[in-house]
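Chain and residue survey
One-letter residues, chain by chain:
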Amino acid sequence: MSVLAYIESPGGHIKKIGFEVATYASKLAVSLNTTSVAIVIGKAENAGSLGQYGITKVIHINPNDDVSFDSQLYTKIVSDLYKEHGANTLVMAHSANGKSFAGRLAIRLNAGCVSGVNALPSVENGFLVSKSVYSGKATATYNISTPDRVITVMGNSIQPEKIGNDVTPDLVNIDLGSPKVKVTEIKVEAGGVPLPEAELVVSAGRGMKGPENWGIVEDLANALGAATACSRPVADADWRPHHEHVGQTGVAIRPNLYIAIGISGAIQHLAGVNNSKVIVVINKDPEAPFFKAADYGVVGDLFDVVPRLTEAIKKFKNQ
Amino acid sequence: MNILVCISKTPDTTSKISFKSDDTEYNSDGVTFIMNPYDEWYALVRALEITEQMGGSVTVINVGPASNDIIIRKALAIGATDAVRVDIDAQDAFVVANNIAAHAKSKNYDMIFLGKETIDYNGSEVGAMVAELLDWPYASYVSQLDVNGNISTITRELEGSEEVSQIEGSFVLSAAKGLAEQRIPNMKGIMMAKSKPLVVVPASDTVARVAVVKYAIPPAKSGVKLIDQDNMDELVRALHEDAKVI
Ligand SMILES: Cc1cc2nc3c(=O)[nH]c(=O)nc-3n(C[C@H](O)[C@H](O)[C@H](O)COP(=O)(O)OP(=O)(O)OC[C@H]3O[C@@H](n4cnc5c(N)ncnc54)[C@H](O)[C@@H]3O)c2cc1C
Ligand SMILES: Nc1ncnc2c1ncn2[C@@H]1O[C@H](COP(=O)(O)O)[C@@H](O)[C@H]1O
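Read on for an overview of the structure. Everything numeric here is computed off the predicted structure, so don't read it as measured data. (Residues numbered from 1 in each chain as written. Chains lettered and ligands numbered in written order. Predicted model: local features only at pLDDT ≥ 70, side-chain atom pairs only at ≥ 80, totals over all residues. Heavy atoms only, no water.)

Quick look at the side chain of A:Arg254 now. All names here are of chain A. Mapped onto the fold, Arg254 is located in the loop between α5 (232-236) and β13 (257-261). Put simply, Arg254 is tucked away with no salt bridge, and the nearest opposite charge, on Glu20, sits 8.1 Å away. Apart from the residues within four sequence positions on either side, Arg254 is in contact with Asn118, Met154, Gly155, Asn156, Ser157, Asn275 and Ser276. (Helix = DSSP H or I, 4+ residues; strand = E, 2+ residues; numbered from the N terminus. Buried < 20%, exposed > 50% of the residue type's maximum accessible area, 1.4 Å probe, protein only. Lys, Arg positive; Asp, Glu negative; His and termini not counted. Salt bridge = Lys/Arg side-chain N within 4 Å of Asp/Glu carboxyl O. Contact = heavy atoms within 4.5 Å.)

The structure is reproduced here in structure tokens:
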């Protein structure tokens, strides 16, 4: 018996969400009295570091290849290893690729599936996991009644925790055959941290008046080391790229800090951000609905307030 | 080209959320339901565009009770050819996927489109499950699709990147923003929808594998702390010392 973790390595590198999944799997393994095994597919120079997060064994498939994502190929690799290791729970990231084969694996393994869980399960009485539902307005606790389970973990739900040392991965080379989805091009968006993984996010809305004014938002984000986001009308008007759009119809995020600048706080916007730990709202209208969802609020003209905040952050960082 | 489009029903986001039966059941009293936006705006419209260009038909399927007919009629009004409803109030994604796959196996669809997720539970599970049950490739989070004979070129939206790929033959697709532009049904569409076929079929006897045992509403924020706009040092101090996020 074991807990199996599938860890992704986009661009040949395991990122924070990968260490979160590793931490989740190793903690779950402890509560189930078993060990955790991680699978990494394709290039990942830091695969051995998964051991630091409590993973007992790392299986690294085709470590020298760029293995592009195909849900059928990945399902075969992961389900074969799941069976080989007699696992009963599979843990993976609630990421675009993770979600693209979690359901497939659930069918292949006759497993119950809950996606987007936000905390470790309780295993005393059944297998209870919780997730945020209805645009963050409620939490649902699920029981998975099958002996096998597949769960995907929402980013920023668990703090990566170093409790062990690097391990030497088992290197395995397999014949990948010819995947049915043939990737021809990957366009990496410019900019630092991808939004779903960012711990600090600076976001701006229609209050900015136009794309030419975004310099002050970027300055604040740079001072903080934050990712940038925007409201939907801003992305729709092409003031900002689409991948920055957060909310019900965009990306859902849960950073530690979300700073909303010139955003009114419509329910569809809140749907994507109200799981943030701390929300700061900067708006000139004291009646803006966003203040109701905020922890800290500044009533004022963003064109004055934002540069002042950037200066204060810089001063703080230099101390 | 015959395309099956899977449509689901969700509460409008602005609805007030409450629960009943000791917080084990969603309370739908007084809630306005809509067709899931990803299904309606992107999956359905792109399917219509493709069949308008290449010929063929668009069938919509919903797994759900008779009260879902309202969204099915809307899909027909937007332009779908015909509709199927599998008559069961499905409790999990597995039951939904099994019923969709069972129907698909009995017909001859070239492609199956879904939304990338429902906006109430954000599961993103059904598409991958249907693809596995049919042993078809799965193109998820698709923001662009071009069909050229038997070869389809797709663009997928990932975290911080876009991936372009090609698939030969049939596949399951989940639709993301950008795939198409929303269409508003017109009067003629609404009138025609009334006479389009909606076939109700019994469900397969699949047993749900997961179930919600409890809902909870998170405690409200304790209230916003207002900070004077001339004192940004105080905001930085609070974020560092009190909230401990920077
Ligand atoms: C089905 C559906 C789905 C949707 N999905 C999303 C979604 O995913 N994400 C999303 O964001 N929206 C979504 N929307 C749109 C949403 O309802 C709002 O219309 C949108 O979020 C408003 O964007 P905004 O706050 O940038 O603009 P506005 O509502 O116009 O707000 C601008 C704010 O800026 C403030 N402001 C103006 N000038 C200044 C200044 N100089 N200094 C300080 N403050 C200033 C104003 O007081 C105002 O509060 C959706 C809508 C629908 C119907
Ligand atoms: N009851 C249902 N009937 C038909 N299609 C559904 C149903 N539930 C979900 N779907 C489809 O599956 C997609 C993803 O749903 P989910 O996996 O539940 O997030 C939706 O966007 C729909 O296209």
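Having put the structure on the table, let's press on.
Moving on, we come to the site of ligand 1. Residues and elements named next belong to chain A. The environment of ligand 1 is made up of 27 residues, and the closest members are Arg206, Ser231, Ser264, His269 and Asn283. Note that a nitrogen atom of ligand 1 is positioned 2.9 Å from one of the side-chain N or O atoms of Lys209. With respect to ligand 1, the side chain of Thr249 contributes an N or O atom lying 2.8 Å from a nitrogen atom. Out of a free accessible area of 990 Å², ligand 1 has 80% covered by protein chains. Within the residue set of the shell around ligand 1, elements represented by two or more residues are α5, α6 (267-273) and α7 (302-318). A breakdown of the residues in the shell around ligand 1 according to their chemical character gives seven nonpolar, 14 polar and six charged. (Near = heavy atom within 4 Å. Polar contact = N/O pair within 3.5 Å; in protein donor to acceptor, adjacent residues only side chain to side chain. Areas by Shrake-Rupley, 256 points an atom, 1.4 Å probe, with all protein chains shown as cover. Nonpolar A, V, L, I, M, F, W, Y, C, P; charged D, E, K, R; others polar.)

Over the atoms a probe the size of a water molecule is rolled, and this reveals where empty space is left. Evaluation of the coordinates by the stated rule reveals three cavities of 30 Å³ or more. Approximately 60 Å³ is the volume attributed to the largest cavity. Lining of the largest cavity is provided by A:Tyr134, A:Ser135, A:Lys137, B:Pro11, B:Asp12, B:Thr13, B:Ser15, B:Ile17, B:Ile119 and B:Asp120. For the lining of the largest cavity, the class distribution of residues is four nonpolar, three polar and three charged. The calculated volume of the second largest cavity comes to roughly 40 Å³. Lining the second largest cavity are A:Ala106, A:Ala111, A:Gly112, A:Cys113, B:Asp92, B:Ala93, B:Phe94, B:Glu125, B:Met129, B:Arg209 and B:Val210. For the lining of the second largest cavity, the elements supplying multiple residues, two or more each, are β5 (112-117) of chain A together with α3 (93-106) of chain B. Taken together, the residues of the lining of the second largest cavity sort by class into seven nonpolar, one polar and three charged. (1 Å grid on protein atoms, 1.4 Å probe; cavity = no way out; pocket = protein on both sides within 12 Å on 5 of 7 lines; lining within 4 Å. Points joined across faces, edges and corners; volume = space filled by probe spheres on them.)

Moving on, we get to the pattern of salt bridges. Residues and elements named next belong to chain B. Inspection of the entire model under this criterion finds 27 salt bridges over all chains. A salt bridge links Glu40 to Lys74; the shortest N-O distance between them is 3.2 Å. Taken together, the positions of Glu40 in helix α1 (residues 37-54) and Lys74 in helix α2 (residues 69-78) put the pair 34 residues apart, joining distant regions of the chain. Residues Arg156 and Glu163 are paired through a salt bridge, measuring 3.0 Å at the closest nitrogen-oxygen approach.

Purely spatial values, then, with no claim about function.
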